[in-house]
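Structural overview
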Amino acid sequence: MVIIVTKLVHCFHLSRRYGQYTMNQEVTKVTERPPFDRSGSQDSLDELCMEAYWTEIENIKKSHENRQDDQEVVVVKEPDEGELEEEWLKEAGLSNLFGEAAGDPQESMVFLSTLTRTQAAAVQKRVETVSQTLRKKNKQYQVPDVRDIFAQQTGSKEKEAPDGTESQSVGTDENKYRGKDDQASHLGVGGKDLTPLVPEEAPASETDINLEVSFAEQAVSQKESSREKIQRTKGDDAMLLTYRVPKDKTGTTRIGDLAPQDMKKVCHLALIELTALYDVLGIELKQQKAVKIKTKDSGLFCVPLTVLLEQDQKKVPGTRIPLIFQKLISRIEEGGLETEGLLRIPGAAVRIKNLCQELEAKFYEGTFNWESVKQHDAASLLKLFIRELPQPLLSVEYLKAFQAVQNLPTRKQQLQALNLLVILLPDANRDTLKALLEFLQRVVDNKEKNKMTVMNVAMVMAPNLFMYHTLGLKSGEQREFVMAAGIANIMHLLIKYQKLLWTIPKFIVNQVRKQNTENHRKDKKAMKKLLKKMAYDREKYEKQDKSANDADVPQGVIRVQAPHLSKVSMAIQLTEELKASDVLARFLSQESGVAQTLKNGEVFLYEIGGNIGERCLDDDTYMKDLYQLNPSAEWVIKSKPS
């Protein structure tokens, strides 16, 4: 099956308990079953791992029996053929290919011109489905022919290619984007190739996650290589490997580092890339439409995250994680993370029910007595909060995509898919998930005393995140084993590799840079035409168009500003070894008065303008390499928005 799943299924075979837990919270009677046959032996920790999973299922059942369901599910009919694909195109930022704007798809042409071949094939496949569906329905507005759309894109590439990149055609035939010359589209900004091909010689270490090349293109390349390489990363051996992201001289970009307008483009590209990856690997990826549920518009439990945050921001402006969620984690940590069986041992069901009612009544008034909450009760309340969200923390739209990660053939591809899925989560879900995973890692850090390894924590938490109560699940016993082992594996990856998963792949950032460059070029053309019509002097305009940096700063020197901290700017000579942290240190040492009022980590160096909207730089960014990538950028020191 998949990497860890084989091992975990053996753990299942040891478990004498079996409970069918469906996503609508109906739990059938837990029955005693004889152990299944197994060929090999496992250590005692493995024997306990799935026992913890089924125990958690039973605890969820007991908790549900002691809680009143505050939600009424409204049945929604299955979407018609083509509706999901049309929704997909909207989510991917390509809605203007259809509907009233279908006659003028130029806005999407720039976007399409930056796609890799596998990404373009994924888009074309959905465009074809929607086109056929709309023709069947005889829609009144114009339905473009998919060949026309991609012909425009291809023609645009062939004519313009402003950065010296080779023009590339797009086709749906998988053979058209296979082979050494078709690994990925070349993206160029400032004369620099941004998306290198997958190297044929000296391949990256097995433990390196390559963020510079499209994941789908890597999958195409891997499918062509010998299967022996894939087999080496399967089974128990994969569990022994630790994966990492190699250092990038132009800096690592994390979620939260980019301006909102660029992050929106990142999300569009992440959806297309995820779809392309699943297409290449033959995995079905269908977004689920949000289930219509009558929810509470106030309170703590069974309340949508967005509603909770609206309430909380009235109390604490700028809050990004629900206050009750933060307080429950804080209460657990106050009891000490060394407690044996933390998260695994449940609180008493009746007591949990009473605490919920008290919290609902007193939490926002500030009169709730937290001293009365035992540590295991707080852990049970935290899991209950997650479980009773009207829509899952992993989102209705992408929950099945998260579950499908278990079907990807290698651990690297599983991590790549999870990386894209984390990017696609709504901000509130992503921020809350991050807080949860950071807490779970702190629990794991104390495993020597609390006996909660990363796998034990994953087993306990997986049912709470993945068993969503409004989505039905019918499965046989063996499939239940495999599914439970699979989602526990996903939970394990989320905890262990959370820093990696909150990184925006460089190839996607480079595609955003290319889009911005293309848009700036088109805007400049339009402005010149407008100025010509208005009889402005063209030479005067071109002089004004030159950046202040070009006029005032010598070659190889950057000017750093901190408008919110100082009226003085600083010219800094670029060297091969100069990093963003060095620039910050120099500026703050010059402005001693400013430095004394700031704590370490309160301000950051930003790359602003040029081919990016705004990007917060990590300390290890080599400034000369980044300057060559974006020579028109300004360099500003400021604090990060909360």
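The structure under discussion appears in the preceding block.
Quick summary incoming for the structure in this document. (Residues numbered from 1 in each chain as written. Predicted model: local features only at pLDDT ≥ 70, side-chain atom pairs only at ≥ 80, totals over all residues. Heavy atoms only, no water.)

1. Things to note about the overall build of the chain
Along the chain, the regular secondary structure elements total 27 helices and 11 strands. Residue burial in the chain is summarised as follows: out of 642 residues, 53% are buried. Sequence-distant contacts in the chain: of pairs separated by 6 or more residues, those separated by 24 or more amount to 77%. Carbon and sulfur atoms make up 48% of the accessible area of the chain, which amounts to about 30100 Å² in all. (Helix = DSSP H or I, 4+ residues; strand = E, 2+ residues; numbered from the N terminus. Buried < 20%, exposed > 50% of the residue type's maximum accessible area, 1.4 Å probe, protein only. Contact = heavy atoms within 4.5 Å. Areas by Shrake-Rupley, 256 points an atom, 1.4 Å probe, with all protein chains shown as cover.)

2. A closer look at unusual backbone geometry
One non-glycine residue with positive phi stands out, namely C302, at about 60°. Mapped onto the fold, C302 is located in the loop between strand 6 (293–294) and helix 11 (305–315). Its identity as a non-glycine residue notwithstanding, S395 has a phi of 75°, on the positive side. With respect to the secondary-structure elements, S395 resides in the loop between helix 14 (375–387) and helix 15 (399–404).

3. Considering the sheet that holds strand 10 (residues 612–616)
Adjacent strands of a sheet pair through backbone hydrogen bonds, lying either parallel or antiparallel. Here we have five strands laid out as an open sheet, ordered 8-7-11-9-10, and mixed in their pairing. Single-partner strands in this sheet number two, and they are strand 8 (570–573) and strand 10. Between one strand axis and the next, the sheet turns through 30° on average, direction left out of account. Pairing analysis gives six bridges linking strand 9 (residues 603–609) to strand 11 (residues 634–639), with the strands arranged antiparallel. (Pairing = 2+ DSSP bridges. Axes fitted to C-alpha atoms, helices over the stretch in contact; angles between N-to-C directions.)

4. Considering the environment of K434
By the element assignment, K434 lies in helix 17 (residues 427–444). Exposure remark for K434: the relative accessible area of 30% places this residue in the partly exposed category. In sequence terms K434 and I321 are 113 residues apart; their C-alpha atoms lie 9.5 Å from each other. Look past the residues within four positions of K434 in its chain and what remains in contact with it is Q498 and W502.

5. Section: helix 16 (residues 411–424)
The terminal C-alpha atoms of helix 16, which comprises 14 residues, lie 20 Å apart, in line with the 20 Å expected from a rise of 1.5 Å per residue. Across the 14 residues of helix 16, 13 count as buried, placing the element largely inside the fold. (Expected span 1.5 Å × (residues − 1).)

6. Quick look at the pattern of salt bridges
Per the stated rule, a full pass over the model turns up 22 salt bridges. Residues joined by salt bridges that share partners form a network here, namely K125, R126 and D279. (Salt bridge = Lys/Arg side-chain N within 4 Å of Asp/Glu carboxyl O.)

7. Focus: the nonpolar core
Residues Y53, Y278, L440, F466 and M491 are the most contacted members of the largest nonpolar core, which totals 134 residues. If you tally residues by element for this core, the top one is helix 10 (residues 260–280), at 11 residues. Residue contacts for M491: discarding those within four places in its chain leaves L437, L440, A458, M461, A462, L465 and F466. Listed in part, the 22 residues of the second largest apolar core include L574, V583, L588 and L629. (Core = buried A, V, L, I, M, F, W, Y, C linked by side-chain atoms within 4.5 Å.)

8. Let's talk about helix 13 (residues 349–362)
An α-helical segment advances 3.6 residues per turn. Residues three or four places apart therefore align on the same side. Given a rise of 1.5 Å per residue, 14 residues ought to cover 20 Å, and the 20 Å separating the end C-alpha atoms of helix 13 matches this to within 8%. On its buried face, helix 13 sits against helix 12 (323–334) and helix 14.

9. Brief notes about the packing of helix 17 against helix 19 (residues 454–466)
Contact geometry for helix 17 and helix 19: axes closest at 10 Å, N-to-C directions at 150°. The pairing of helix 17 with helix 19 is recorded here as roughly antiparallel in orientation. Like other packed secondary-structure pairs, helix 17 and helix 19 cross with a definite hand, here right-handed. Of helix 19, the residues touching helix 17 (which contributes L433, L436, L440, V443 and V444) are V454, V457, M461 and L465. Across the contact of helix 17 with helix 19, the residue classes tally to nine nonpolar, no polar and no charged. (Parallel < 35°, antiparallel > 145°, perpendicular 65-115°, else oblique. Left-handed = near helix turned anticlockwise from the far one by under 90°. Nonpolar A, V, L, I, M, F, W, Y, C, P; charged D, E, K, R; others polar.)

10. A word on the packing of helix 7 (residues 215–224) against helix 16
At their nearest, the axes of helix 7 and helix 16 sit 11 Å apart, and the two run at 160° to each other. In this view, helix 7 runs roughly antiparallel relative to helix 16, as classed from their interaxial angle. You can see that helix 7 and helix 16 cross each other, and the crossing is left-handed. Two secondary-structure elements touch here, helix 7 through F215, Q218, A219 and Q222 and helix 16 through Q413, Q416, N419 and L420. In the contact of helix 7 with helix 16, the residues fall into three nonpolar, five polar and no charged.

11. Looking at the pairing of strand 9
Two faces belong to every sheet, and in a regular strand the side chains alternate between them. Pairing of strand 9 with strand 10, which is carried by four bridges, proceeds in the antiparallel orientation. Across the sheet, Y606 pairs through a bridge with C616, a residue of strand 10. Between the end of strand 9 and the start of strand 10, which pair antiparallel, lie two residues, with G610 showing a positive phi angle near 75°.

12. Considerations on the side chain of N456
Structurally, N456 is set in helix 19. Separated by 3.1 Å, the side chain of N456 and the backbone oxygen of K451 make a polar contact. (Polar contact = N/O pair within 3.5 Å; in protein donor to acceptor, adjacent residues only side chain to side chain.)

13. Looking at the packing of aromatic side chains
One pass over the structure, following the stated rule, counts seven aromatic pairs. Relative to Y497, the ring of Y243 has its centre 6.1 Å away and its plane inclined at 70°; by these criteria the two rings are edge-to-face. Linking Y243 in the loop between helix 9 (236–240) and helix 10 with Y497 in the loop between helix 20 (477–496) and helix 21 (498–501), this pair joins segments that are 254 residues apart in sequence. Accessibility expressed as a relative area gives 4% for Y243, which makes it buried. A network of ring pairs unites the aromatic residues F363, Y364, F368 and W370 as a single cluster. Across from the ring centre of Y606, 4.7 Å away, lies the NZ or CZ of K638, which sits over that ring. The residue whose ring lies beneath K640 is F604, and the NZ or CZ to ring-centre distance is 5.7 Å. (Phe/Tyr/Trp six-rings, centres within 6.5 Å; stacked < 30°, edge-to-face > 60°. Lys NZ or Arg CZ within 6 Å of the ring centre and 35° of its normal.)

Without other data, these values stay purely geometric and don't point to any function.
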